[in-house]
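# Working through the structure, step by step
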Protein chains: 2
Amino acid sequence: VSAGDTDQLAELTEPLHESEMGDLIAALEPSERQELVALLGDRFDYSALTHIDDAIRLEIITVLPNEQIALALQELDSDDAVYILEDMDEGEQADILGRIPFTERIRLRRSLDYPEDSAGRRMQADFVAVPPYWNVGQTIDYLRDNADLPERFSQIFVIDPTFRLVGAVDLDRILREQREVRIEDIMRETRHAVPAEMDQEEAAQIFERYDLLSAAVIDENERLVGVLTIDDVVDVIQEEAEEDILALGGVGDEELSDSVIETTRSRFTWLMINLGTAVLASFVIGLFDATIQEMVALAVLMPIVASMGGNAGTQTMTVTVRALATRELDIYNAGRIIRRETLVGLLNGVLFAVVIGIVATLWFWTPGLGVVIAIAMVVNMVCAALAGIFVPLILDRMKVDPAVASSVFVTTVTDVVGFFAFLGLAAVWFGI
Amino acid sequence: VSAGDTDQLAELTEPLHESEMGDLIAALEPSERQELVALLGDRFDYSALTHIDDAIRLEIITVLPNEQIALALQELDSDDAVYILEDMDEGEQADILGRIPFTERIRLRRSLDYPEDSAGRRMQADFVAVPPYWNVGQTIDYLRDNADLPERFSQIFVIDPTFRLVGAVDLDRILREQREVRIEDIMRETRHAVPAEMDQEEAAQIFERYDLLSAAVIDENERLVGVLTIDDVVDVIQEEAEEDILALGGVGDEELSDSVIETTRSRFTWLMINLGTAVLASFVIGLFDATIQEMVALAVLMPIVASMGGNAGTQTMTVTVRALATRELDIYNAGRIIRRETLVGLLNGVLFAVVIGIVATLWFWTPGLGVVIAIAMVVNMVCAALAGIFVPLILDRMKVDPAVASSVFVTTVTDVVGFFAFLGLAAVWFGI
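Keep in mind that what you see is a predicted model, and the values were worked out from it rather than measured.

## Looking at helix 2 (residues 18-27) of chain B
Buried within helix 2 of chain B we find Glu18(B), Ser19(B), Met21(B), Gly22(B) and Ile25(B). With its buried residues spanning 155° around the axis, helix 2 of chain B presents them on a single face.

## Points about a negative patch on the surface
Residue and element names in this part refer to chain A. Taken together, the side chains of Glu116, Asp117, Asp199, Glu202, Asp235, Glu239, Glu243, Asp253, Asp396 and Asp401 define an acidic patch exposed on the protein surface. It is helix 14 (residues 230-248) that provides the largest number of residues to the negative patch, a total of three residues. As for its position among the elements, Asp235 is in helix 14. We classify Asp235 as partly exposed; its relative accessible area is 33%.

## Brief notes about the nonpolar core
Grouped together as the largest cluster of nonpolar side chains are 80 residues, with contacts concentrated most on Met302(A), Ile304(A), Phe422(A), Ile304(B) and Phe422(B). Excluding residues within four positions of it along the chain, Met302(A) makes contact with Ile285(A), Ile292(A), Phe419(A), Phe422(A), Leu423(A), Ala299(B), Met302(B) and Pro303(B). Tyr210(A), Ala215(A), Val233(B) and Val236(B) belong to the second largest nonpolar core, which has 42 residues in total.

## A few points about the pattern of salt bridges
Counted by the stated rule, this structure contains 29 salt bridges over all chains. Measuring nitrogen to oxygen at the nearest pair gives 2.9 Å for the salt bridge that ties Glu341(A) to Arg267(B). Here Arg267(B) lies in helix 15 (residues 260-286) and Glu341(A) lies in helix 18 (residues 334-364), a pairing that spans two chains. As far as the burial class goes, Glu341(A) and Arg267(B) line up, both buried. Linked by salt bridges that have partners in common, Glu67(A), Asp95(A) and Arg99(A) make up one network.

## Observations regarding the sheet that holds strand 3 (residues 165-170) of chain B
Residue and element names in this part refer to chain B. In space, the three strands of this open sheet follow the order 1-2-3, with mixed pairing throughout. The sheet is open, and its two borders are formed by strand 1 (129-130) and strand 3, each paired with just one other strand. As defined by bridge partners, strand 2 (residues 155-159) adjoins strand 3 across five bridges and the pair is classed as antiparallel. In the sheet register, Ile159 faces strand 3, and the bridge partner there is Leu165.

## Thoughts on unusual backbone geometry
With a phi close to 55°, Trp365(A) is a non-glycine residue in the positive phi region. Within the fold, Trp365(A) resides in the loop between helix 18 and helix 19 (367-397). The class of Trp365(A) is exposed, set by a relative accessible area of 68%. Positive phi is not limited to glycine here, since Glu222(B) has a value of about 60°. Summarising the element assignment, Glu222(B) is placed in the loop between strand 5 (214-218) and strand 6 (224-229).

## Brief notes about the packing of aromatic side chains
All chains considered together, the criterion is met by 12 aromatic pairs over all chains. Geometrically, the ring pair formed by Phe288(A) and Phe420(A) is edge-to-face, given 5.7 Å between the ring centres and 70° between the ring planes. Taken as a pair, Phe288(A) in the loop between helix 15 (260-286) and helix 16 (289-294) and Phe420(A) in helix 20 (residues 402-430) lie far apart in primary sequence, 132 residues in all. Residue Phe420(A) is classed as partly exposed on the basis of its relative accessible area, which comes to 46%. Ring geometry for Trp363(A) against Phe364(A): centres 4.9 Å apart, planes inclined by 20°, an arrangement best described as stacked. The class of Trp363(A) is partly exposed, set by a relative accessible area of 27%. Through successive ring pairs, a cluster of aromatic residues spans Phe283(A), Trp363(B) and Phe364(B).

## A word on the relation of the copies chain B and chain A
The transformation that overlays chain B on chain A combines an axial shift of 0.0 Å with a rotation of 180°, and the residual RMSD is 0.2 Å. Viewed as a symmetry operation, the transformation between the two copies matches a two-fold axis. In terms of C-alpha distance to the rotation axis, chain B has Gln293(B) as its closest residue, with the C-alpha 2.5 Å off the axis. Mapped onto chain A, 100% of the interface residues of chain B are again interface residues, and the two copies thus contact each other with one and the same surface.

## Some remarks on the interface of chain B and chain A
The partner chain A presents 110 residues to the 109 residues of chain B that form the contact. Where chain B abuts chain A, roughly 9,900 Å² becomes buried across the two surfaces, and 62% of that area is made up of carbon and sulfur atoms. Sorting the residues of chain B by area buried against chain A places Arg144(B), Leu175(B) and Leu256(B) first, and these three jointly supply 9% of that buried surface. The interface formed by chain B and chain A includes 21 residue pairs in polar contact (both at pLDDT 80 or more). Residue composition of the side of chain B that touches chain A, by class: 57 nonpolar, 24 polar and 28 charged.

## Focus on the sheet that holds strand 5 (residues 214-218) of chain A
Residues and elements named next belong to chain A. Reading across from one edge, 4-5-6 is the order of the three strands in this open sheet, with mixed pairing throughout. Looking at strand neighbours, the two that pair on one side only are strand 4 (194-195) and strand 6 (224-229), the edges of this open sheet. In this sheet, strand 5 lies alongside strand 4 in parallel orientation, the contact comprising two bridges. Looking across to strand 5, one finds that Val194 is bridged to Val217. Along the sheet, helix 13 (residues 200-209) contacts strand 4, strand 5 and strand 6; its crossing angle with strand 6, the most-contacted strand, is approximately 65°.

## A word on the pairing of strand 5 of chain B
Residue and element names in this part refer to chain B. A large share of strand 5 lies buried, amounting to five of its five residues. Where burial is concerned, the two faces of strand 5 agree: the one with Ser214, Ala216 and Ile218 and the one with Ala215 and Val217 are both buried. Here strand 5 runs beside strand 6; their pairing, made up of five bridges, is antiparallel. When the bridges of strand 6 are listed, Ser214 appears paired with Thr229. The turn linking strand 5 back onto strand 6 is made up of five residues, and Glu222 within it adopts a positive phi angle of 60°.

## So, the domain arrangement of chain A
The domain architecture assigned to chain A consists of domain 1 (6-117), domain 2 (129-229) and domain 3 (260-430). The C-alpha centroid of domain 3 of chain A is placed 52 Å from the C-alpha centroid of domain 2 of chain A.

## Details of empty space enclosed by the protein
As enumerated under the stated definition, the model contains seven cavities of 30 Å³ or more in all. Quantified by volume, the largest cavity comes out at close to 1,100 Å³. Along its surface, the largest cavity is lined by 47 residues, and Asn311(A), Thr314(A), Thr411(A), Thr314(B) and Thr411(B) are the ones closest to its centre. If you list the elements that add at least two residues to the lining of the largest cavity, you get helix 14, helix 15, helix 17 (297-325) and helix 20 of chain A together with helix 14 (230-248), helix 15, helix 17 (297-325) and helix 20 (402-430) of chain B. Taken together, the residues of the lining of the largest cavity sort by class into 21 nonpolar, 24 polar and two charged. In this structure, the second largest cavity occupies an estimated 70 Å³ of space.

## Here's the deal with the packing of helix 5 (residues 66-75) of chain A against helix 7 (residues 90-98) of chain A
Residue and element names in this part refer to chain A. Following both chains from N to C, one finds helix 5 and helix 7 inclined at 60°, their axes separated by 8 Å at the closest point. By crossing handedness, the relation of helix 5 to helix 7 is classed as right-handed. On helix 7, the residues that touch Asn66, Ile69, Ala70 and Leu73 of helix 5 are Glu92, Asp95 and Ile96. Per-class residue counts for the contact of helix 5 with helix 7 are four nonpolar, one polar and two charged.

About the cut-offs
Residues numbered from 1 in each chain as written. Chains lettered and ligands numbered in written order. Predicted model: local features only at pLDDT ≥ 70, side-chain atom pairs only at ≥ 80, totals over all residues. Heavy atoms only, no water. Buried < 20%, exposed > 50% of the residue type's maximum accessible area, 1.4 Å probe, protein only. Helix = DSSP H or I, 4+ residues; strand = E, 2+ residues; numbered from the N terminus. Arc of directions from axis to C-beta. Patch = residues over 30% accessible without salt bridge, like charges linked within 9 Å, V, L, I, M, F, W, Y side chains within 5 Å. Areas by Shrake-Rupley, 256 points an atom, 1.4 Å probe, with all protein chains shown as cover. Salt bridge = Lys/Arg side-chain N within 4 Å of Asp/Glu carboxyl O. Lys, Arg positive; Asp, Glu negative; His and termini not counted. Charge placed at Lys NZ, Arg CZ, Asp CG, Glu CD. Core = buried A, V, L, I, M, F, W, Y, C linked by side-chain atoms within 4.5 Å. Contact = heavy atoms within 4.5 Å. Pairing = 2+ DSSP bridges. Phe/Tyr/Trp six-rings, centres within 6.5 Å; stacked < 30°, edge-to-face > 60°. Least-squares fit on C-alpha atoms with pLDDT ≥ 70 in both. Buried area = accessible area lost by both parts, 1.4 Å probe. Polar contact = N/O pair within 3.5 Å; in protein donor to acceptor, adjacent residues only side chain to side chain. Nonpolar A, V, L, I, M, F, W, Y, C, P; charged D, E, K, R; others polar. Axes fitted to C-alpha atoms, helices over the stretch in contact; angles between N-to-C directions. Domains from an automatic or database assignment. 1 Å grid on protein atoms, 1.4 Å probe; cavity = no way out; pocket = protein on both sides within 12 Å on 5 of 7 lines; lining within 4 Å. Points joined across faces, edges and corners; volume = space filled by probe spheres on them. Left-handed = near helix turned anticlockwise from the far one by under 90°.

In structure tokens, the structure reads:
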């Protein structure tokens with residue numbers, strides 16, 4: 001790149017897959033990235049841009065002339081074009097769309113009109129559709145003679161004159177049948193058409209459930225508007241699982257390429273909330289300062305009760321959050337799961353109560369202390385189980401993403417209950 | 001089911017998709033499940049069994065006569081048959097395989113010979129392959145006349161006389177071309193063939209990276225042995241993300257259908273390890289019991305330092321674990337990420353030091369306490385960042401799954417450092 005040798009560069013990057021090109025771009029310094037794209041010019045494969053982080057993509061795109069972007073977008077599949085367009089600001093977007101020919105522009109605009117993260121945004125607006133009264137031979141001839149087909153397709157849709165979807169035929173089916181067989185006799189009902197307004201996560205679940213490779217996307221009048229393919233859905237599944245993992249770890253929508261300031265800011269909120277709950281737990285401890293002064297062993301042992309509760313609660317919560325995300329948990333089995341988790345909490349509570357009771361008695365040579373910590377342990381483990389299941393369930397019912405908000409509430413419960421049960425019982429037991 | 005009315009039952013379940021049938025089975029009581037399968041007999045779609053938890057599947061299969069299972073497996077795609085066979089004990093497996101006709105048996109046996117979770121286990125052993133010198137017309141005629149094709153396929157492989165893979169053609173490509181075009185002129189190189197021994201997770205990453213819909217599976221001599229399709233890969237991606245989420249939450253390989261005892265046992269190990277680290281942290285507190293007795297405020301405030309460090313460490317760890325899992329983190333950017341995380345830890349440490357310093361000073365009206373907790377906060381947040389990134393990196397280098405083991409080590413570091421820094425500094429500052 002630094003030598004500015006366009007031809008050699010084009011030769012080197014030509015055999016790369018678009019995702020490898022994306023990695024190459026991400027690995028370069030910002031100034032080199034822009035130079036690379038500028039040098040390659042027409043020979044740059046813009047689909048590589050769909051494989052890099054938003055921030056880097058925007059950085060490259062803002063320095064390119066809109067005219068060049070418009071030309072590039074026409075070469076791309078419509079879903080990739082939408083992917084690049086959707087992060088731009090509105091003025092820029094309108095300007096670029098204005099430079100794109102009418103039919104293509106209408107298509108892109110329609111995709112962009114659907115809500116963010118909807119099936120309509122992710123769909124491919126090019127598809128192959130034939131009327132039901134055609135036969136296999138006509139269909140094959142049509143495919144052979146038509147130059148303007150989508151780059152890749154795995155099924156052919158069957159539509160009526162008003163563009164309403166009536167069925168679909170997989171390509172392997174077409175290849176198996178004789179030329180005179182009518183399409184309507186071999187098409188299958190498309191029971192799993194996806195409304196364009198549907199959230200992409202929901203659409204992904206339909207794909208997974210019915211092992212689909214592609215699905216028709218229909219508008220509110222059941223007219224065919226596009227096709228959603230499984231490679232887009234794989235990205236969605238990966239993203240959603242990723243979001244849950246990060247949310248459970250107390251990290252927001254973060255990318256590895258974010259700067260120090262961006263990262264600090266995005267983590268700050270979560271830590272601030274945690275500080276609040278930690279201070280609340282400290283207040284509970286503060287209620288018993290006289291008790292602790294009498295018996296310092298309480299201060300030494302109290303984090304054990306809170307920490308065990310926190311971990312048990314996190315276990316139950318993780319299982320609940322995942323079961324909610326994959327729709328495995330519903331009103332039919334909620335009762336059974338609640339019973340199971342409570343029993344597990346009770347059982348593990350009793351087991352660890354015995355262990356910690358013995359440890360505490362031997363350590364401080366005070367049997368009473370062993371009894372107090374054992375009872376507190378059972379109480380906190382059961383509360384942890386209840387919090388671990390009810391907090392996500394209630395948040396889900398309130399339409400709040402349980403992966404994001406559950407763990408604050410659960411650990412608040414286990415800290416407060418843990419400290420209160422242990423110190424409170426000790427105060428009563430030892431009469432201080 | 002309880003009425004034993006086979007015909008009505010068959011009628012009711014017939015329109016169900018295999019995954020819906022799976023859900024229905026999972027929702028029933030154990031005895032009803034067996035009755036349902038027995039009643040439906042030949043009309044039961046065994047592929048439903050691939051959609052339910054291992055435990056329930058085994059429970060149904062062990063009561064069925066092996067003869068019936070052998071018949072059922074022949075109806076299934078080979079990957080589904082392997083899925084059902086792989087969990088059985090060896091004697092049962094051998095008996096069932098013995099009842100299956102030779103060719104099919106060899107195929108299943110070969111798949112089962114590949115290691116668990118390898119591409120060879122997940123592949124479909126039926127595929128369509130043609131020689132490169134055929135033309136499009138011959139290929140289509142072959143597909144039309146051959147009754148023994150796989151149930152679904154999306155590409156045709158091109159092989160030489162020794163079964164070695166030379167290329168592949170997507171079905172849409174075949175449909176676009178004239179009958180006289182030769183296959184070798186339209187086939188593409190199969191650059192992304194998957195070795196049968198490859199781990200399924202690695203295979204899934206190839207699919208994702210190159211947006212594949214299916215890939216050839218080859219043996220050590222580069223002979224074509226099967227095809228891996230994206231619907232199997234979607235399950236793998238989902239499972240792997242699931243495993244990471246559960247592991248990070250301190251939950252092992254658990255399923256929603258597990259019993260109370262199984263669940264208690266699987267969570268016990270993790271809680272036991274946590275008890276060890278909690279006791280270790282308590283020992284650290286115990287070192288300073290005289291200091292705490294002098295100044296109970298220390299006992300009240302100390303969980304705040306530990307908790308903030310624990311959360312900051314978990315944030316960094318979550319990001320690191322995910323970046324390792326998705327191969328986004330490698331030796332090229334590790335240095336940058338370590339620098340970034342350390343700086344983020346320092347920055348957030350300073351911010352929260354100021355906040356908590358002021359809170360502590362106002363609460364206990366002791367400026368010295370504010371200074372001590374502020375310094376301890378900075379120290380612990382930086383240590384948390386370092387632990388959050390180095391623990392997963394080191395575990396990964398040692399070939400231990402960082403998702404499973406990281407959080408114990410990270411919270412041990414943040415607890416020990418948090419208590420030691422705060423109480424130690426206080427002991428020095430106040431001279432007690």
